[in-house]
Amino acid sequence: MVDRRRFLAGIAVPALSSLSPIASAVTRVWQPEELAEGAAAEGYLERIAGKVPLIKRSYRPPNFETPLDYYKNIITPNDAFFVRYHLSGVPDVNVKTWRVKVGGDAAQHPAEYDFAALKRDFPVVEMVAVCQCSGNRRGMFAPHVQGVEWGVGAMGNARWKGVRLRDVLAKSGVAKDAIEVGFNGADGPALPVTPDFVKSLPIDRALDENTLIAFEMNGKPLPRWNGFPARLIVPGWTGTYWVKHLTDIDVRSKPLVNFWMNPAYRIPAGKFPQVARFPSQENAAGQPITDMVVNSLVTTIHDGLRVHRGQVVDVGGIAWDGGHGIRDVMVSVDSGQSWQKAQLGRDLGRFSFRPFSFKWHATQPGPTVVMVKATNNRGETQVPELIFNPAGYHHNVVSRIMVEVA
Ligand SMILES: Nc1nc2c(c(=O)[nH]1)N[C@H]1C(S)=C(S)[C@@H](COP(=O)(O)O)O[C@H]1N2
Ligand SMILES: [Mo]
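Because the structure is predicted, anything quoted here is derived from the model rather than measured. (Residues numbered from 1 in each chain as written. Chains lettered and ligands numbered in written order. Predicted model: local features only at pLDDT ≥ 70, side-chain atom pairs only at ≥ 80, totals over all residues. Heavy atoms only, no water.)

*Asks:* When you look at the nonpolar core in this model, what are you seeing that I'm missing?
*Replies:* Soluble globular proteins tend to pack their nonpolar side chains together in the buried interior. Ranked by size, the top nonpolar core spans 68 residues in total, and within it L118, W160, F183, I213 and I249 carry the most contacts. The element best represented in this core is strand β11 (residues 212–217), accounting for 5 residues. For this core, the domains that each give at least three residues are domain 1 (1–291) and domain 2 (295–405). Discounting chain neighbours no more than four positions away, the residues touching I213 are L118, G162, V163, L165, V168, A230, R231, L232, L246 and I249. One finds V315, A319, V329 and V405 within the second-largest nonpolar core, a separate group that totals 21 residues. (Core = buried A, V, L, I, M, F, W, Y, C linked by side-chain atoms within 4.5 Å. Buried < 20%, exposed > 50% of the residue type's maximum accessible area, 1.4 Å probe, protein only. Helix = DSSP H or I, 4+ residues; strand = E, 2+ residues; numbered from the N terminus. Domains from an automatic or database assignment. Contact = heavy atoms within 4.5 Å.)

This is the structure:
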């Protein structure tokens, strides 16, 4: 176990405050030890407009992840929130001319709203929820799989303000035979061969009271990179459904057939038996990815840390799941032989990050494997070994962090 680990020689955690824009382009940031070497080498901090330096995964389309330190806060700041796009043309939407249309063969009264009407015509609600990319931690898959090689930072937790999708749908009259609702955003493909990014939800998830069209994030308008002026919020479900720059809502009596529903964003049949189903998109091979699996991230210690014998070490971080809420986070400092309960922090709702903290008295000298494992309110827990799947989704392996006590 200990031999499998190596220390992160030469990769330091920079003090974020000390980063000038110029220095940031050449400073390496902490990245998980399991990350593929090529991805780690490519993962420099870069500044894009309106954001603090983020870890660059690709420029076209823009894919940038949040450095670990920002997860020390339960809420991820807007300017540190990760950015994920499938298409290179990031829209610069003019809010004065922006409209969202509601239609489709299973909508009885098509409608259209401008920004003011959307805010005025429906009750405004707020909710804290995690947006996590399905492929978060894909770069830590062994064997490696194709796709953006994310470390741990393709996720964020924000307070979203908006209107309920179900209120908007109700006003258009949802027909009895509606089975899915499709969503399109203002971004379109740069090349005609690339399929436009359009997604759908099963009708019950679209009508769930927690599914929102959000226009504010942490008390501010959505940043351009995160879907200005309005985006879908699907708490508990992975980021792929959180369509940004939302322009079209399509109430459907038939399943949406496109690249982004199948073959993209699929999980193999039977591998993740606990996740929510999506009946109209299932086949013998599998189903779309749906809700997030229970997971945690340790933010206070990392591989290769050296602590003094007798020191009290804070093993802390955040835990989250697909919306059942976190029951407990357990910590082991003896390679998993015994486990103790961490203290859970502030509860901002079942869709939010939940902070945890454990005081470890480091009395035994030598290399020590600190393990952390979260369990949700349905009794689901992080897995001891990776559940391999070809798209690199649902990485929620129990953390194993090697610390040297000297
Ligand atoms: N319009 C649009 N919306 C989108 C995407 C996209 O490419 N275009 N990507 C989705 C995916 S896969 C994720 S993980 C989230 C990421 O949200 P963020 O960029 O605000 O962090 O947006 C989703 N919404
Ligand atoms: Mo994603």
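*Asks:* Teacher, can you tell me more about the site of ligand 1 here?
*Replies:* Residues in contact with ligand 1 amount to 19 residues; listed here are only the nearest, F82, D187, N226, R231 and K244. Contact distances for ligand 1 include 2.8 Å between an oxygen atom and a side-chain N or O atom of H86. Measuring from an oxygen atom of ligand 1, one finds a side-chain N or O atom of R231 at 2.7 Å. For ligand 1, the accessible surface in isolation is 530 Å², of which the surrounding protein chains cover 100%. (Near = heavy atom within 4 Å. Polar contact = N/O pair within 3.5 Å; in protein donor to acceptor, adjacent residues only side chain to side chain. Areas by Shrake-Rupley, 256 points an atom, 1.4 Å probe, with all protein chains shown as cover.)

*Asks:* Could you clarify how one ought to interpret the sheet that holds strand β14 (residues 246–252) in this entry?
*Replies:* Hydrogen bonds between backbone atoms are what pair the strands of a sheet, whose relative direction is either parallel or antiparallel. Here 5 strands make up an open sheet; going across it, the order is β6-β5-β14-β9-β10 and the pairing mixed. Since the sheet does not close on itself, it has two edges, and those belong to β6 (111–114) and β10 (198–202), each with one partner. Neighbour-to-neighbour, the strand axes of the sheet open up by a mean angle of 15°, direction not taken into account. (Pairing = 2+ DSSP bridges. Axes fitted to C-alpha atoms, helices over the stretch in contact; angles between N-to-C directions.)

*Asks:* Sorry if this is basic, but what is going on with the domain arrangement of the protein chain here?
*Replies:* Many descriptions give the size of an interface as the accessible area lost when the pieces come together. According to the domain assignment, the protein chain consists of domain 1 (1–291) and domain 2 (295–405). In this assembly, 51 residues from domain 1 lie in contact with 37 residues from domain 2. Taking both partners together, domain 1 and domain 2 bury about 4,000 Å²; carbon and sulfur atoms supply 67% of that area. Linking domain 1 to domain 2 there are 0 salt bridges. Those elements giving two or more residues to the side of domain 1 that touches domain 2 turn out to be β7 (124–132), β8 (155–164) and β15 (266–268). Sorting elements by how many residues they give to the side of domain 1 that touches domain 2 places β7 first, with 5 residues. Here the side of domain 1 that touches domain 2 is composed, by residue class, of 28 nonpolar, 12 polar and 11 charged. (Buried area = accessible area lost by both parts, 1.4 Å probe. Salt bridge = Lys/Arg side-chain N within 4 Å of Asp/Glu carboxyl O. Nonpolar A, V, L, I, M, F, W, Y, C, P; charged D, E, K, R; others polar.)

*Asks:* Whenever I open this one, the sheet that holds strand β24 (residues 366–376) confuses me. Can you help?
*Replies:* With mixed pairing, the 5 strands of this open sheet are ordered in space as β18-β25-β24-β20-β21. Edge positions in the open sheet fall to β18 (306–307) and β21 (340–341), since each of these has one partner strand only. In this sheet, strand β25 (residues 399–405) lies alongside β24 in antiparallel orientation, the contact comprising 7 bridges. Counted as the bridge partner of M371 is R400 from β25.

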